[in-house]
Every structure is written in C-alpha cells, then in structure tokens.
Amino acid sequence: DGGITQSPKYLFRKEGQNVTLSCEQNLNHDAMYWYRQDPGQGLRLIYYSQIVNDFQKGDIAEGYSVSREKKESFPLTVTSAQKNPTAFYLCASSPPRETLLAKNIQYFGAGTRLSVL
Amino acid sequence: GESVGLHLPTLSVQEGDNSIINCAYSNSASDYFIWYKQESGKGPQFIIDIRSNMDKRQGQRVTVLLNKTVKHLSLQIAATQPGDSAVYFCAENKDSGYALNFGKGTSLLVTP
C-alpha cells in the first residue's frame, strides 16, 4: 500500500524541548517537503529536499531542522528555538521530474498536530 | 506578502448546485497551478492542475479556468455534493521550481 506516512498523529512538546516528526514515503519519490499550517491559513514551506543528503530552506525555516539520509525518510525536528510551534505539520513528496517543465504535483501525508504543554 | 490569494474565505452552496472557487495570483512568471482539497484533519488531496499554456482543463465534475491576462484562476465543481465540503487551496509553481506557493484557502460548505 503506497503512500506517505506521518507519525505521530498528535504530539505534545514541553517548553525547551526538541521534538522530531517522522515522514516516510514508499512512492520512490525524489523530492520531499515540510509545510506548516496554522488555523484558517494556507500552507507555508519550512524545508524541502530534492535528493538525498541535500535540502533547502523554505519561507519559515527558523527554529526547524531536517535531514535526508535516506530517499524514503525526511524527518523534521522542531527545536526549542521555535517559540510558536503549535500547528498542523504536513509532509509531501513529488515524483521525479525529467525536466523542469514536468509537472510538480505534491502528494501529502495525513499530518501531525503539534501542541505545546 | 502572499502572491496567491482567494477572493472569498467561505462559500456555501446547496447540494446539486454548481460551485465556483476563485484564486488570484500576482506573479506573471507562475507557469503551473494546482487545486487541492483538504478535509478536516487530513492532508490536502490533488484535484486538478493546469499549465500556463492552457486556458481550461476538465476533470471529473471539475473544471479549472486560467485567465493569464488578469492573473485569475477558478475551480468549478458541477452538481456539488455533501462530500465536496472541504477547504480548497490553489497553489502556484513559480519559474518551474520545486516549491509550491499556497493560497489561504476557501471553505466550501454544501447544504442539503
């Protein structure tokens, strides 16, 4: 059963704590993305990775870190430097693009809802 | 500020009516657009896409129209059903890059 799996579904963070959100895909997609969604808002890009061992900052990367050691996995760490981490976090992936003009359809996981204790 | 925006935050339609959700963009370099549907507590689902060299694209019960002159995009849903109730986002892909820029979304409520 192919898809993008995010875990956990709900996560609570204590003040000063780092937490890591998991994202795994078995779609053989090269690119992976992390977005943050606040209530009533659109999605804002945190980080993305086009290939293994490479990633780029998005619009709101401060307070977050990522790694891409394997093609299937793109974990996101919400660090203590992120002062307002409460949000819905969405991971996405997109298939290989043979050219830059190829479609860039991103497929999303079910999300992780992070709250602060 | 955001370059992708939606005209109305909420839209209420009766079951069986047609729905039209609008989206404006400001970057003339945007060359690819996607519409997503997000149900409560779930991740966005791909609905339909359109490239900037097209004016119209049709799917099953959905049609996307692109007007590059006024930088406007719309999603039309025919014979709207209760299962269509969700938040709809348009997203633009600028300069054939990897990142998508999402609008804030329109909440569609279908009433019986």
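Computed from a predicted structure; not experimentally measured.

How each quantity is defined
- Residues numbered from 1 in each chain as written.
- Chains lettered and ligands numbered in written order.
- Predicted model: local features only at pLDDT ≥ 70, side-chain atom pairs only at ≥ 80, totals over all residues.
- Heavy atoms only, no water.
- Core = buried A, V, L, I, M, F, W, Y, C linked by side-chain atoms within 4.5 Å.
- Buried < 20%, exposed > 50% of the residue type's maximum accessible area, 1.4 Å probe, protein only.
- Helix = DSSP H or I, 4+ residues; strand = E, 2+ residues; numbered from the N terminus.
- Pairing = 2+ DSSP bridges.
- Patch = residues over 30% accessible without salt bridge, like charges linked within 9 Å, V, L, I, M, F, W, Y side chains within 5 Å.
- Areas by Shrake-Rupley, 256 points an atom, 1.4 Å probe, with all protein chains shown as cover.
- Salt bridge = Lys/Arg side-chain N within 4 Å of Asp/Glu carboxyl O.
- Axes fitted to C-alpha atoms, helices over the stretch in contact; angles between N-to-C directions.
- Contact = heavy atoms within 4.5 Å.
- Polar contact = N/O pair within 3.5 Å; in protein donor to acceptor, adjacent residues only side chain to side chain.
- Nonpolar A, V, L, I, M, F, W, Y, C, P; charged D, E, K, R; others polar.

Peer 1: So what about the nonpolar core? Which residues, and what values?
Peer 2: Among the nonpolar cores identified, the biggest contains 20 residues, and B:Trp35, B:Leu73, B:Leu75, B:Tyr88 and B:Leu108 are the most heavily contacted of them. Those elements that provide at least two residues to this core are β2 (10-14), β3 (19-25), β4 (30-38), β5 (45-51), β7 (62-67), β8 (72-77), β9 (86-94) and β11 (106-111) of chain B.

Peer 1: Which residues make up the pairing of β9(B), and what values go with them?
Peer 2: All names here are of chain B. Among the nine residues of β9, seven are classified as buried, and the element is accordingly described as predominantly covered. Where β4 and β9 come together, eight bridges link them in antiparallel fashion. Looking at the pairing, Lys37 lines up with Tyr88 of β9. Sheet analysis places β9 next to β11, joined by three bridges and oriented antiparallel. By the bridge assignment for β11, Ala86 is matched with Leu108. The sheet contact formed by β9 and strand β10 (residues 100-102) spans three bridges and is antiparallel. When the bridges of β10 are listed, Ala91 appears paired with Phe102.

Peer 1: Provide a residue-level description of a nonpolar patch on the surface, including the pertinent values.
Peer 2: A contiguous nonpolar surface patch, about 390 Å² in accessible area, is contributed by A:Tyr10, A:Phe12 and A:Leu117. Its place among the elements puts A:Leu117 in the segment after β11 (112-116).

Peer 1: Describe the sheet that holds strand β1 (residues 4-7) of chain A, and please don't skip the residues or the numbers.
Peer 2: All names here are of chain A. With respect to topology, four strands assemble into an open sheet ordered β1-β3-β8-β7, the strand pairing being antiparallel. Taken across any chain shown, the strands that pair with only one partner, and hence form the sheet edges, are β1 and β7 (64-66). Taken over all neighbouring pairs, the strand axes of this sheet differ in orientation by 20° on average, direction set aside. Relative to strand β8 (residues 76-78), strand β3 (residues 19-25) runs antiparallel, the two sharing three bridges. Looking at β8, one finds that Val19 is bridged to Val78.

Peer 1: Hey, could you go over the interface of chain B and chain A for me, with residue numbers and the actual values?
Peer 2: With 22 residues of chain B at the contact, the number on the chain A side is 26 residues. Counting every contact that joins chain B to chain A gives zero salt bridges. Along the contact surface separating chain B from chain A lie three residue pairs in polar contact (both at pLDDT 80 or more). When contributions to the side of chain B that touches chain A are tallied by element, the ones reaching two or more residues are β4, β5, β9 and β10 of chain B. Taken together, the residues that form the side of chain B that touches chain A break down as 10 nonpolar, seven polar and five charged.

Peer 1: Explain the pattern of salt bridges residue by residue, including any values.
Peer 2: Summed over all chains, the structure comprises eight salt bridges over all chains. Where B:Asp49 meets B:Arg57, a salt bridge forms, and the shortest distance between an N and an O atom there is 2.3 Å. For B:Arg57, a relative accessible area of 29% puts it in the partly exposed group. We note a salt bridge from B:Arg61 to B:Asp84, for which the minimum N-O separation is 2.9 Å. With B:Arg61 in the loop between β6 (56-58) and β7 and B:Asp84 in the loop between β8 and β9, the pair connects residues that are 23 residues apart, well separated along the chain. Given a relative accessible area of 7%, B:Asp84 falls into the buried group. Residues joined in a network through salt bridges with shared partners are A:Arg36, A:Asp38 and A:Arg44.

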